[in-house]
Amino acid sequence: MYDAETPTAREPRPFATFERMESKVRSYCRSFPAVFERAEGSWQYDKDGKGYIDFLTGCSVLNYGHNHPAMKQALIDYIQSDGVVHSLDMHSKAKGEFLEALESKILKPRGMNYLAQFTGPTGANAVEAALKLARKVTGRTNVIAFTNGFHGVTLGALAATGNSHHRGGAHIPLSGVTRMPYDGYFGEGVDTAAQLDKMLSDPSGGVDKPAAIIVEVVQGEGGLNVASAEWLQKVEKIARKHGALFIVDDIQAGCGRTGTFFSFEGMGLKPDIITMAKSLSGMGLPMALVLVKPELDQWKPGEHNGTFRGNCHAFVTAKAAIDTFWSDDDFAAEVQRKGERLRKGLQEIAMANRGVVKGLKGRGMMRGLDVGSSEISDPVVDAAFKKGLIIETSGAHDQILKVLAPLNISDADLDAGLEILSNCVAEAAERQALGSAA
Ligand SMILES: *Cc1c(COP(=O)(O)O)cnc(C)c1O
């Protein structure tokens, strides 16, 4: 029996296996009713050969596109040579080479001194490890997280996540986190960092001294909200003033998405802990990493573990990604140029459809259109898919149409995707105009 509520139920046959066998918890497949078979660069193809431009890229897991030849070749060579696939946290040649690339091409050139903690291969597990370590180091339990923050859905990370739909899935009290307003939450002119400092400084402010403040520099799932450099600098200072660690969750905004390898580059920030996952392996293989200032690395061996911390295939492709894209500054410059092209494209859509587009969101190559509600955004997602574009929404009301195209997408493909988006938004604006005239 298939779930009659799923959009796919209207065409049950191609999805019969999934509907018969798979849990109702599946979600993206409901927005994109196709069976995908292969993918290359910025394109995914379904089993009938229809191509789709990918403006979702696994939610920023595929920043370098699908099946990039450099990563694919490195992986094929490694498999051909019977390279170790899984190694728990034993030393492996693949891990050693990844660490050397991370050190010499990412950390050293940026003047960053961090130790690498490999966790279980999900973003949530990296966040769990970061929060555990902050609590261990400070001896405190409370953590400050922000409105619209998304940090994963395991219990510790979920406590830091704002979204009520995800929080509701816990069915157990989520504890140890105090929610504070993100930059701009109350609109321009309200300094939410000053509020945070005042509440933490007031002995009757009711906020327990935190072990950490965890923040996304650009909120991916939360609606592409952008924190200013000034606000982030203040929050870091507030963390230090109150003896808390400053954690940047760079799982979605990192790996070049904002135009630099880390989303906070050029802001003068020195996070105590940085969490990474999604695009770190570069090819979609599961891998997560916590970067920790050396003096904070107070773990006992094995205190936080996880069987899948040694995915050597991911180490191989992660090293290939660093070698290919981050050996110099050319790629960052290219992403910044393309981010500006994306901004201009979205701006044009916004100008032409003022009735439905409330504003532009995001930074770099993570940008979107605020269309106010899912009543507008959902039909746009559906119509875009029919025209061959995969695009998702984010934000508390799914009100943001979010473009997470590959960072190395060609200008032609970027423009083609924007053209489809533009047509679909124009149709939504037309429907809205007809609706309000009726
Ligand atoms: C996706 C995401 C996570 C969780 O990662 P999973 O791999 O889904 O567990 C955590 N933080 C941020 C900012 C994310 O975007």
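The residue numbering used here restarts from 1 in each chain and proceeds along that chain's sequence as written. Selection of residues for local features in this predicted model requires a pLDDT of at least 70, selection of side-chain atom pairs for listing and counting requires 80 or more, and totals for whole chains, interfaces and linings are taken over all residues. Heavy atoms throughout the structure, all of them, feed into the side-chain values; hydrogens and water do not.

Draft legend 1. Structural view of the environment of Met90. Helix and strand definitions here come from DSSP, where helices need a minimum of 4 consecutive H or I residues and strands a minimum of 2 consecutive E residues; each element is numbered from the N-terminal end. Here Met90 lies in the loop between helix 4 (69-80) and helix 5 (93-107). In sequence terms Met90 and Thr138 are 48 residues apart; their C-alpha atoms lie 29 Å from each other.

Draft legend 2. Looking closely at the packing of helix 12 (residues 330-352) against helix 14 (residues 411-437). A fitted line through C-alpha atoms represents every axis, and for helices the fit uses only the stretch in contact; the resulting angles, taken between N-to-C directions, go from 0 to 180 degrees. Between helix 12 and helix 14, whose axes approach to 10 Å, the crossing angle comes to 20°. In this view, helix 12 runs roughly parallel relative to helix 14, as classed from their interaxial angle. Of the two possible hands of crossing, helix 12 and helix 14 adopt the one that is right-handed. Residues Arg337, Lys338, Arg341, Leu342, Gly345, Leu346 and Ile349 of helix 12 lie in contact with helix 14, whose contacting residues are Asp411, Leu414, Asp415, Leu418, Leu421, Ser422 and Val425. Of the residues belonging to the contact of helix 12 with helix 14, the class tally is 7 nonpolar, 2 polar and 5 charged. Any angle from 65 to 115 degrees is called roughly perpendicular, while one under 35 is roughly parallel, one over 145 is roughly antiparallel, and all others are oblique. In this scheme, a crossing is called left-handed if the near helix is turned counterclockwise away from the far one by less than a right angle; it is called right-handed if the turn is clockwise. Here a residue-residue contact requires only that any non-hydrogen atoms of the pair lie within 4.5 Å. All residues other than Ala, Val, Leu, Ile, Met, Phe, Trp, Tyr, Cys, Pro, Asp, Glu, Lys and Arg, Gly among them, are scored as polar; the first ten of these are nonpolar and the last four charged.

Draft legend 3. View of the packing of helix 5 against helix 11 (residues 312-325). Helix 11 packs onto helix 5 with a crossing angle of 25° between their chain directions and a minimal axis gap of 8 Å. Viewed along their axes, helix 5 and helix 11 adopt a mutual orientation that is roughly parallel. Handedness of the crossing formed by helix 5 with helix 11: left-handed. Each of Ala94, Lys95, Glu97, Phe98, Ala101, Leu102, Lys105 and Ile106 in helix 5 lies in contact with helix 11, whose residues at this interface are Cys312, Phe315, Val316, Ala318, Lys319, Ile322 and Asp323. Class assignment for the residues of the contact of helix 5 with helix 11 results in 10 nonpolar, no polar and 5 charged.

Draft legend 4. Highlighting the site of the ligand. Near the ligand, the surroundings consist of Thr122, Gly123, Ala124, Phe150, His151, Gly152, Glu216, Asp249, Ile251, Gln252 and Lys278. Here a polar contact is recorded for every N or O atom pair within 3.5 Å, except that within protein the pair must consist of a potential hydrogen donor and a potential acceptor, and residues adjacent in sequence are included only if both atoms are side-chain atoms. The separation between a nitrogen atom of the ligand and a polar main-chain atom of Phe150 is 3.2 Å. Gln252 places a polar side-chain atom, nitrogen or oxygen, 2.9 Å from an oxygen atom of the ligand. Consider each residue's heavy atoms; a residue with any of them within 4 Å of a molecule or strand counts as near.

Draft legend 5. Layout of the sheet that holds strand 14 (residues 366-370). Spatial ordering of the open sheet is given by 13-14-17-16, a layout of 4 strands whose pairing is antiparallel. Strands at the two margins of the open sheet, each flanked by one partner only, are strand 13 (359-363) and strand 16 (392-394). Sheet twist, expressed as the average angle between the axes of neighbouring strands with direction ignored, equals 35°. In this structure, strand 14 lies alongside strand 17 (residues 400-403), joined through 4 bridges in antiparallel fashion. Looking at the pairing, Gly368 lines up with Lys402 of strand 17. Its contacts with the sheet place helix 12 against strand 13, strand 14 and strand 17, and it is angled at close to 5° to strand 14. Strand pairing is defined by DSSP finding a minimum of two bridges between the two strands.

Draft legend 6. Summary view of the sheet that holds strand 3 (residues 51-54). As summarised here, the arrangement of the 4 strands in space is 1-2-3-15, forming an open sheet in which the pairing is mixed. Two strands in the sheet have a free side with no partner beyond their single neighbour: strand 1 (36-40) and strand 15 (389-390). Two strands pair when backbone bridges link them, and strand 2 (residues 43-46) and strand 3 are joined in this way by 3 bridges, in the antiparallel orientation. Across the sheet, residue Gln44 finds its bridge partner in strand 3, namely Tyr52.

These figures come from the coordinates and say nothing about function on their own.
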